[in-house]
Amino acid sequence: MDDGAERSPGGRPVIGFLGPEGTFTHQGARLLHGTTADLRADESIPAVVAGVAEGRYDFGVVPIENTVEGIVTASLDGIVFRADPVLIMREASVRITFDAYVSAAADSPPTAIGSHPHGLAQCARYVRRSGLPVEHFPSTAAAVRVAAERPGLVAIGAPGLDEAYPVRVLDRAVEDHPGAYTRFVCLGLAGGPEPPVAQAAGLTWKTTVALTPGWSRPGVLAELCTQFADRGIDIVSLASRPLPGFAGRYVFVVTVDHDRRSAGLARAIRSLMHQGIRVKHLGSYLSDHATAGVDARRALVPPPGSLGLAHLDQITQVFPGSVRAV
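Keep in mind the model is a prediction, meaning the values are calculated, not measured.

A.B. asks: Can you help me understand the sheet that holds strand β8 (residues 134-136) in this one?
C.D. replies: Picture the strands of a sheet paired through backbone hydrogen bonds; they go either parallel or antiparallel. Read from one edge of the open sheet, five strands run β8-β7-β9-β6-β10, paired in mixed fashion. Each edge of the open sheet carries a strand with a single partner, namely β8 and β10 (167-171). Averaged over all pairs of adjacent strands, the angle between their axes in this sheet comes to 35°, without regard to strand direction. The pairing of strand β6 (residues 99-103) with β10 spans four bridges and is antiparallel. Its bridge partner being in β10, V102 is matched across the sheet by R168. Against the sheet, helix α6 (residues 140-147) touches β6, β7 (112-115), β9 (153-157) and β10, its axis set at about 150° to β9.

A.B. asks: Could you clarify how one ought to interpret the pairing of strand β5 (residues 86-96) in this entry?
C.D. replies: Looking down a regular strand, the side chains alternate between one sheet face and the other. Burial of β5 is extensive: ten of the eleven residues sit out of reach of the surface. Here ten bridges tie β5 to strand β11 (residues 180-189), and the two strands are oriented antiparallel to one another. Its bridge partner lying in β11, E91 is registered against V185.

A.B. asks: I keep staring at the pattern of salt bridges and nothing clicks. Help me out?
C.D. replies: Summed over the entire model, instances satisfying the criterion amount to twelve salt bridges. Here E194 ties to R90 by a salt bridge, and the two come within 3.6 Å at their closest N and O atoms. Linking E194 in the loop between β11 and β12 (204-212) with R90 in strand β5, this pair joins segments that are 104 residues apart in sequence.

A.B. asks: In this structure, what is going on with unusual backbone geometry? I would like to understand it.
C.D. replies: For residues besides glycine, phi is generally negative; the peptide bonds are generally trans as well. With omega at 0°, the peptide bond leading from G19 into P20 counts as cis. Of note, P20 is situated in the loop between β1 (14-18) and α1 (24-33). The phi dihedral of A173 is positive, around 50°, even though this residue is not glycine. For A173, the location among the structural elements is in the loop between β10 and β11. Judged by its relative accessible area of 48%, A173 falls in the partly exposed class.

Rules behind the numbers
- Residues numbered from 1 in each chain as written.
- Predicted model: local features only at pLDDT ≥ 70, side-chain atom pairs only at ≥ 80, totals over all residues.
- Heavy atoms only, no water.
- Pairing = 2+ DSSP bridges.
- Helix = DSSP H or I, 4+ residues; strand = E, 2+ residues; numbered from the N terminus.
- Axes fitted to C-alpha atoms, helices over the stretch in contact; angles between N-to-C directions.
- Contact = heavy atoms within 4.5 Å.
- Buried < 20%, exposed > 50% of the residue type's maximum accessible area, 1.4 Å probe, protein only.
- Salt bridge = Lys/Arg side-chain N within 4 Å of Asp/Glu carboxyl O.

Everything listed is a geometric property; what it means functionally is a separate question.
So, in structure tokens, the structure goes:
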């Protein structure tokens, strides 16, 4: 941290996280850093990222991906588009389940329901059945904190918040998809200290890079992916983000299952750069991605209505060109 930063008593690392206390991000911060760190709640994801970049925090913890809602764009964009050398240092997964809370003093029917937008989206059926007007809050715990003071508000948040705020549980496990996980990343500065590994079992390496092609043409994404596939490198996550100020142009954020010391990964990056693709390194880090929430006995279920091998007769109805392709 810089000279103007406030140090933690005893020299413990200072960790910023999306607050207030009781959020899933708070759980992620404790999972990543245990009880040895000074955890400090901040008001937003951009504020946490800026706190790391400006040296107010040794590390920051933000959500990066949910298995239901997908990429958390505020976190990803905060890393991809900042000029500061903020890197992903670690990643950990937290099981996500939601309870609905009302004020302990509530004695009349509720008039509104609220939470963080991602929380509301993961409890859409419950929200819809309530028939109540929806309110958005900066975090799930923030909604519960407000509900404690507003008897008319139903707040959706993490389990156990009735121990932190004067609220009572109205309904438990109100999520649409049981078994969801959110992945949280620990951010730090390039060249700075490495965070301790609070959990060590089942961790594997991942590396994330942002790739910006200097052109737009058919097959450009396939060309990017081929550089990794030809070297036996598995792409475990792929996201695209619009390039600000350039309509129709995108940055591709690719996460692979190698660390930055891999010779094959170095060759792939070198080849991409020879093709004129701008590469930004976003971090090489240990993750529980390969084990958290994985159930090998569970069959893959595609989205309802997807065409599959059992519905070959439908292909010509959806893709008429397939008649000529046979």
